[in-house]
2 protein chains.
Amino acid sequence: QTGETHKFVYNRYMPLIFIGGMPRSGTTLLRVLLDAHPDIRCGEETRVIPRLLGFRQSWLKAPFESRRLSEAGITAEVLDQAVGAFILEIIAKHGTPAPRLCNKDPFTLRSAVYLRYLFPNSKFIFMIRDGRAVVHSIISRKVTISGFDLKDFRQCLKKWNAAMSAMVCIVMYVISYLIHGLTLCMCEQHYQCQQLGTGVCLPVHYEQLVLQPKVWLEKILSFLSVPWNESVLNSIISRKIIIPEYDLKDFRMCEQHSQCQQLGTGVCLPVHYEQLVLQPKVWLEKILSFLSVPWNESVLHHEELVNKKNGISLSKYLLERSTDQVIKPINIEALLERSTDQVIKPINIEALSKWVGQMPDDVVKDMSEIAPMLAMLGYDPNANPPNYGTADALVQENMKHLEKYKEDWYAKQKEM
Amino acid sequence: QTGETHKFVYNRYMPLIFIGGMPRSGTTLLRVLLDAHPDIRCGEETRVIPRLLGFRQSWLKAPFESRRLSEAGITAEVLDQAVGAFILEIIAKHGTPAPRLCNKDPFTLRSAVYLRYLFPNSKFIFMIRDGRAVVHSIISRKVTISGFDLKDFRQCLKKWNAAMSAMVCIVMYVISYLIHGLTLCMCEQHYQCQQLGTGVCLPVHYEQLVLQPKVWLEKILSFLSVPWNESVLNSIISRKIIIPEYDLKDFRMCEQHSQCQQLGTGVCLPVHYEQLVLQPKVWLEKILSFLSVPWNESVLHHEELVNKKNGISLSKYLLERSTDQVIKPINIEALLERSTDQVIKPINIEALSKWVGQMPDDVVKDMSEIAPMLAMLGYDPNANPPNYGTADALVQENMKHLEKYKEDWYAKQKEM
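Computed from a predicted model, the values in this text were never measured in an experiment. (Residues numbered from 1 in each chain as written. Chains lettered and ligands numbered in written order. Predicted model: local features only at pLDDT ≥ 70, side-chain atom pairs only at ≥ 80, totals over all residues. Heavy atoms only, no water.)

Colleague: Account for the sheet that holds strand β7 (residues 268–272) of chain A, naming residues and giving values.
Modeller: Residues and elements named next belong to chain A. The five strands are arranged β2-β3-β1-β4-β7 in an open sheet whose pairing can be described as parallel. This sheet does not close on itself; its edge strands, each paired only once, are β2 (40–41) and β7. By the bridge criterion, five bridges tie strand β4 (residues 123–128) to β7 in an arrangement that is parallel. In the strand pairing of β7, I125 is matched with L269. The strands that helix α4 (residues 76–93) touches are β1 (17–21), β2 and β3 (100–104); relative to β3, the one it contacts most, it runs at about 105°. (Pairing = 2+ DSSP bridges. Helix = DSSP H or I, 4+ residues; strand = E, 2+ residues; numbered from the N terminus. Contact = heavy atoms within 4.5 Å. Axes fitted to C-alpha atoms, helices over the stretch in contact; angles between N-to-C directions.)

Right, here's the structure in full:
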């Protein structure tokens, strides 16, 4: 496809890029911005990669099934080879080759630690967005995500909160980090912990630990058959976690608090959607340097490369007609990736606060209980909207352009 | 594992062996016989290969989903690369290396044509057994297979019949073979045919075609926009299909009638369980020559190699105890491959007619309607049991040996 014949070698040690986060959090925007870079190729959501990751997890999660597999020689290592080979083929072959290959399937980030193990030189970008904006977008654009009731803001906000906390599982890192590097994760692993039995896995409630540290640290150390040492107690109290715009008086956040953060800032970069669209140049410079990719202005003007040769491939809908038979018109929205009609536009902040005033008053009132993850991610649940920051010159320019050529852009969206 | 360091290269063009058929039809017996051969390694059922094949089929079967995948660049070809890579890693790595690698997962044969496409030099062995014996074995050994009600012989016989006909789908080959090589398959593809619409896919009922060939052939040829030609009519009538022990007066079997047979006898060899255990030497010579593997006496004495180094690996159950905690006793049967305790014995015919006298009289009476596939596969539904043939000298010897050392073998089975 590049005209000349280039040989692209691909293997599991190449520096792959994974973009993830909740759907409707800007994952498509970021992937098209990176797709605009000559060295990077992401392409559309593969859909099959998160599914295979899910199948693997279900096989290994059930103690019985994983025992049967290992009896048959299908150890975790053998399964890793097969899963790694499958994922690499899909990433390498579902689009044009490029020096830096990238994958964007929102929910892959739930397996970030595992993907890092399969692809030891990969890097991850975790897109984070105000949950109220995410839920408003899901409901207003009728995006079907299993478990989300599109008629109920409160229910969707709770589901968003649960999904984010699964990606941001509270890791009881402080003890394990100090003593063993053993991670006691209290999210999905709770089921596994039960299966292993109290002799092997000790559930520890975060709130108890931070409210009664001495009592629980003594229980934990004896469970680990490790002699008591004051250092563990001092370490919890001395560290203060600062979350911008939100003062966590009564809770002490333990240091590491996400699959993304388990990997560390050298491997996984959290990016807030609001910052990306307000200050694209600042954040794209951060992102490209994090990915060790040279700066290129094209990332600021992706709209000029959409659906162009060697440009950005967006899932598009062509109504195919057989010679004499009109194929039943298929529900168009479901065929496209849902952000296609938005990302054809230059970077803009149209969607930033669309959610304000769209939610029932009782939901707005109870926001901090319904979605505690908002505060944890730095969004004030009681500000409608919070102050996301100021747009840079480029974005202000784009907004004027979009206002001026509103009809043209509307026609272009329809055409997609 | 072989002590010295050998380099084994594996790729999708190696002559892989696939053993398949209904569970309880002798697939495990055949794989341990072949495992006894120094050049061949099958190993236990992988469980994950048929699952991945099922996932792929479900992705591509739904027109909507396959359209979304191809929009994302995940064409059938890209998916083939990924599925092929996954399967190859599992087969190559879940056991010791060997010049001829083999896979035994009963239901893979439902995708034989696809597997042949992925592995162009592979060969297939389709194990066939009297459905009454299969069902009796499933019920008496409480083998859980989805959809089989272990309290109901009639229901299980119908399920067996449906499963076998899925593997042996009636292929309207006669027209397509003569004209286009186009296969009109009336089994699972019926759903796909409906989706494509009558302009593209014409359902043809076998019974109508053989009862009213001229009427239907005219309809079919005009649907294919092919001018009428008497040759199609002559060809149907002139060929006679002979099925041993069963006289098909009113039906004319079309020539090709199975996934296995679509591949042709050079690629897929049907083997009847009863013949394999009655005449093992005759049939193992046929099988090894079909696989182009040199003859080796070890295949006739597999019992001497079970669980030995470089011998035959059987899924076994070791009760693991943690230091002070007895892990809840797990349901042992479910952990082993269900034929393990049978295949440790030398080749024998103990299980051949165990089913006789075990089924309700009404089921025995209605057998030919409940399970028409019995006749199609050469088993007389009204003979209880049919004459399966005579045992060769080796098997007669083995039966005497098993009778003489009954207690020892019983103890060995218990030990497994």
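Colleague: I'd like to hear about the side chain of E274(A), residue by residue, with values.
Modeller: Mapped onto the elements of the fold, E274(A) is located in helix α14 (residues 273–278). Notably, E274(A) is buried but unbridged: the nearest opposite-charge side chain belongs to R129(A), and the N-O separation is 4.6 Å. (Buried < 20%, exposed > 50% of the residue type's maximum accessible area, 1.4 Å probe, protein only. Lys, Arg positive; Asp, Glu negative; His and termini not counted. Salt bridge = Lys/Arg side-chain N within 4 Å of Asp/Glu carboxyl O.)

Colleague: Account for unusual backbone geometry, with residues named and values stated.
Modeller: That bond from N384(A) to P385(A) is cis: its omega, -5°, falls within 30 degrees of zero. Positionally, P385(A) belongs in the loop between α20 (373–376) and α21 (393–404). Phi is positive for S292(A), close to 55°, though the residue is something other than glycine. Tracing the backbone shows S292(A) in the loop between α15 (280–290) and α16 (332–335). Look at S292(A) and you get exposed, because its relative accessible area is 57%. Unlike most non-glycine residues, R24(B) shows phi in positive territory, near 70°. With respect to the element layout, R24(B) can be found in the loop between β1 (17–21) and α1 (27–35). Judged by its relative accessible area of 9%, R24(B) is buried.

Colleague: Which residues make up the environment of Q413(B), and what values do they have?
Modeller: Residues and elements named next belong to chain B. Within the element layout of this structure, Q413 appears in helix α22 (residues 406–415). Each C-alpha atom, one on Q413 and one on L157, is 29 Å from the other, the two residues being 256 residues apart in sequence. Apart from residues no more than four positions distant in its own chain, Q413 is found in contact with D341, Q342, I344 and K345.

Colleague: An account of the confidence of the model for chain A is needed here, citing residue identities and associated values.
Modeller: Residue and element names in this part refer to chain A. With 72% of its residues at a pLDDT of 70 or more, chain A has an overall mean of 77. Mean pLDDT in chain A bottoms out at strand β5 (residues 171–172), which sits at 34, and peaks at α4, which reaches 97. Every residue in residues 233–257 scores below 50 in pLDDT, and together they form 40 contacts with partners more than four places removed in sequence or on other chains. Low confidence marks residues 317–335, where pLDDT is under 50. Its contacts with residues over four positions away, or in another chain, come to 20 contacts. (pLDDT = per-residue confidence, 0-100.)

Colleague: Which residues make up helix α3 (residues 63–71) of chain B, and what values do they have?
Modeller: Residues of α3(B) that are buried include every one of E65(B), S66(B), R67(B), L69(B) and E71(B), and no others. Directly beyond the C-terminal end of α3(B), a positive phi value near 85° is found at G73(B).

Colleague: I'd love a proper account of the pattern of salt bridges, names of residues and values included.
Modeller: On inspection of all chains with the given rule, the structure shows 32 salt bridges over all chains. One salt bridge connects E65(B) with R51(A), and the closest N-O pair in it is separated by 3.0 Å. Here the residue E65(B) occupies a position in helix α3, and R51(A) occupies one in helix α2 (residues 48–61), the pair thus bridging two chains. Judged by its relative accessible area of 25%, R51(A) falls in the partly exposed class. One continuous salt-bridge network, built from bridges that share partners, spans R154(A), D362(A), K365(A) and D366(A).

Colleague: Please set out helix α2 (residues 48–61) of chain B residue by residue, giving values where relevant.
Modeller: Residues and elements named next belong to chain B. In this model α2 runs 20 Å from its N-terminal to its C-terminal C-alpha over 14 residues, within 8% of the 20 Å that 1.5 Å per residue would give. Regarding α2, the residues found buried are V48, I49, L52, L53, F55, R56 and W59. In an axial view of α2, the angular spread of the buried residues amounts to 160°, which keeps them on one side of the axis. (Expected span 1.5 Å × (residues − 1). Arc of directions from axis to C-beta.)

Colleague: Give me the packing of α2(B) against helix α4 (residues 76–93) of chain B: which residues, what numbers.
Modeller: All names here are of chain B. Between α2 and α4, the least distance of the axes is 10 Å, while the angle of their chain directions is 170°. Judged by the inter-axis angle, α2 sits roughly antiparallel to α4. Contacts from V48, I49, L52, L53, R56, W59 and L60 of α2 reach α4 at L79, D80, V83, F86, I87, I90 and I91. Its residues placed into classes, the contact of α2 with α4 shows twelve nonpolar, no polar and two charged. (Parallel < 35°, antiparallel > 145°, perpendicular 65-115°, else oblique. Nonpolar A, V, L, I, M, F, W, Y, C, P; charged D, E, K, R; others polar.)

Colleague: Quick one: what's the story with the packing of helix α1 (residues 27–35) of chain A against α15(A), residue by residue and with numbers?
Modeller: Residues and elements named next belong to chain A. Where α1 meets α15, the axes come as close as 12 Å, and the angle between the chain directions of the two elements is 70°. Between α1 and α15, the angle is such that the two are roughly perpendicular. Crossing handedness for the pair α1 and α15: right-handed. Between α1 and α15, the contacting residues are L30, L33 and L34 on the first element and L284, I287 and L288 on the second. (Left-handed = near helix turned anticlockwise from the far one by under 90°.)

Colleague: Please set out the nonpolar core residue by residue, giving values where relevant.
Modeller: The biggest cluster of nonpolar side chains holds 202 residues, and the ones touching the most others in it are F86(A) and F86(B). With sequence-adjacent residues up to four places away left out, F86(B) is seen in contact with L52(A), W59(A), L79(A), A82(A), V83(A), F86(A), V48(B) and L52(B). (Core = buried A, V, L, I, M, F, W, Y, C linked by side-chain atoms within 4.5 Å.)

Colleague: So what's going on with the packing of aromatic side chains? Residues and values would help.
Modeller: Applying the stated criterion across every chain yields a total of eleven aromatic pairs over all chains. Geometrically, the ring pair formed by Y114(A) and Y117(A) is stacked, given 6.4 Å between the ring centres and 25° between the ring planes. Highlighted residues: Y114(A) and Y117(A), both in helix α5 (residues 112–118), separated by three residues, approximately one helical turn. On the basis of relative accessible area, Y114(A) is assigned to the buried category, the value being 11%. With a centroid separation of 5.9 Å and 40° between ring planes, the pair formed by F18(B) and F119(B) is classed as tilted. Of the two residues, F18(B) sits in strand β1 while F119(B) sits in the loop between α5 (112–118) and β4 (123–128), which places them 101 residues apart along the sequence. Take F18(B) and F119(B): they sit in the same class, and that class is buried. Clustering of aromatic rings is evident, with ring pairs tying together F55(A), W59(A), F55(B) and W59(B). Between R129(A) and the ring centre of Y273(A), over which it is positioned, the NZ or CZ distance is 4.3 Å. (Phe/Tyr/Trp six-rings, centres within 6.5 Å; stacked < 30°, edge-to-face > 60°. Lys NZ or Arg CZ within 6 Å of the ring centre and 35° of its normal.)

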